[in-house]
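Letter by letter, the chains look like this.
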Amino acid sequence: MGDPAARPAVEGCCLLGLSGSRDARVVAFIKGTRTQPQCGFSYKLLSLLNDCKADYEVVNVLDEFHNPGLREAIKSYSQWPTIPQLYVDSEFVGGADIVEQMAGTGELQLMLRGETANAK
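Quick caveat: nothing in here was measured; it's all calculated off a predicted structure.

A. Quick peek at the nonpolar core. Judged by nonpolar contacts, the single largest core of 18 residues is most densely connected at L49 and L86. Of all the secondary structure elements, the ones that give two or more residues to this core are strand 1 (26–30), helix 2 (40–51), strand 3 (85–88), helix 4 (96–105) and helix 5 (107–112). Here this core takes four residues from helix 2, the largest share from any one element. Once residues within four sequence positions are removed from consideration, L86 is found in contact with V26, V27, A28, L45, L49, E91, F92, V93, G94, V99 and L108. Grouped together as the second largest cluster of nonpolar side chains are 10 residues, V59, L70, I74 and F92 included.

B. Inspection of helix 3 (residues 70–78) at higher detail. All of the buried residues along helix 3 are L70, A73, I74, K75, Y77 and S78. Taken from the residues just after helix 3, Q79 is the one with a positive phi, measuring 60 degrees.

C. Examining the packing of aromatic side chains more closely. Going through the model one piece at a time under the given rule, you end up with four aromatic pairs. When the ring of Y77 is compared with that of Y87, the centres are 6.1 Å apart and the planes differ by 45 degrees; the resulting orientation is tilted. Of this pair, Y77 sits in helix 3 while Y87 sits in strand 3, and the two are 10 residues apart along the sequence. Y77 sits in the buried class, given a relative accessible area of 10%. Geometrically, the ring pair formed by Y87 and F92 is tilted, given 5.4 Å between the ring centres and 55 degrees between the ring planes. Both residues of the pair, Y87 and F92, belong to the buried class. Here a set of aromatic residues connected by ring pairs shows up, and it is made of F29, Y77, W80, Y87 and F92.

D. Layout of the pairing of strand 1. A large share of strand 1 lies buried, amounting to five of its five residues. Alternating residues of strand 1 divide into V26, A28 and I30 and V27 and F29, and every residue in both groups is buried. Across four bridges, strand 1 lies against strand 3 in antiparallel orientation. Across the sheet, V26 pairs through a bridge with V88, a residue of strand 3. Where strand 1 meets strand 2 (residues 57–60), four bridges bridge the pair, whose relative direction is parallel. Pairing of F29 across the sheet is with V59, part of strand 2. The parallel pair strand 1 and strand 2, bridged by helix 2, forms a crossover whose chirality is right-handed.

Procedures and definitions
- Residues numbered from 1 in each chain as written.
- Predicted model: local features only at pLDDT ≥ 70, side-chain atom pairs only at ≥ 80, totals over all residues.
- Heavy atoms only, no water.
- Core = buried A, V, L, I, M, F, W, Y, C linked by side-chain atoms within 4.5 Å.
- Buried < 20%, exposed > 50% of the residue type's maximum accessible area, 1.4 Å probe, protein only.
- Helix = DSSP H or I, 4+ residues; strand = E, 2+ residues; numbered from the N terminus.
- Contact = heavy atoms within 4.5 Å.
- Phe/Tyr/Trp six-rings, centres within 6.5 Å; stacked < 30°, edge-to-face > 60°.
- Pairing = 2+ DSSP bridges.
- Right-handed = clockwise from strand over helix to strand, strands pointing away.

Bear in mind that shape data such as this cannot, by itself, settle questions of function.
Encoded structure:
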């Protein structure tokens, strides 16, 4: 959140560079994989996205072979200290607890459909 220009440079990276995905609107940076999340918060985030029937990309921050240094880089990029992290349209949304609150109010479902709460 906040002004992207105010974010620290992460070795010249952008979200696209960190995720490796060019097409996904929704990207979840988690510990583990879609089928085997490695922590309860990552599992919670994926469950919320699945409950919303969201089309999303998953990036495993623990995979140092394919994503070296990503775990720390994504935390620096978002200025958020924990994993998992959810991004929609390249904007940081939050971690599992924030996403859970948004799901409870219906805000997450609107965001995933590309709508805003004010568009009602």
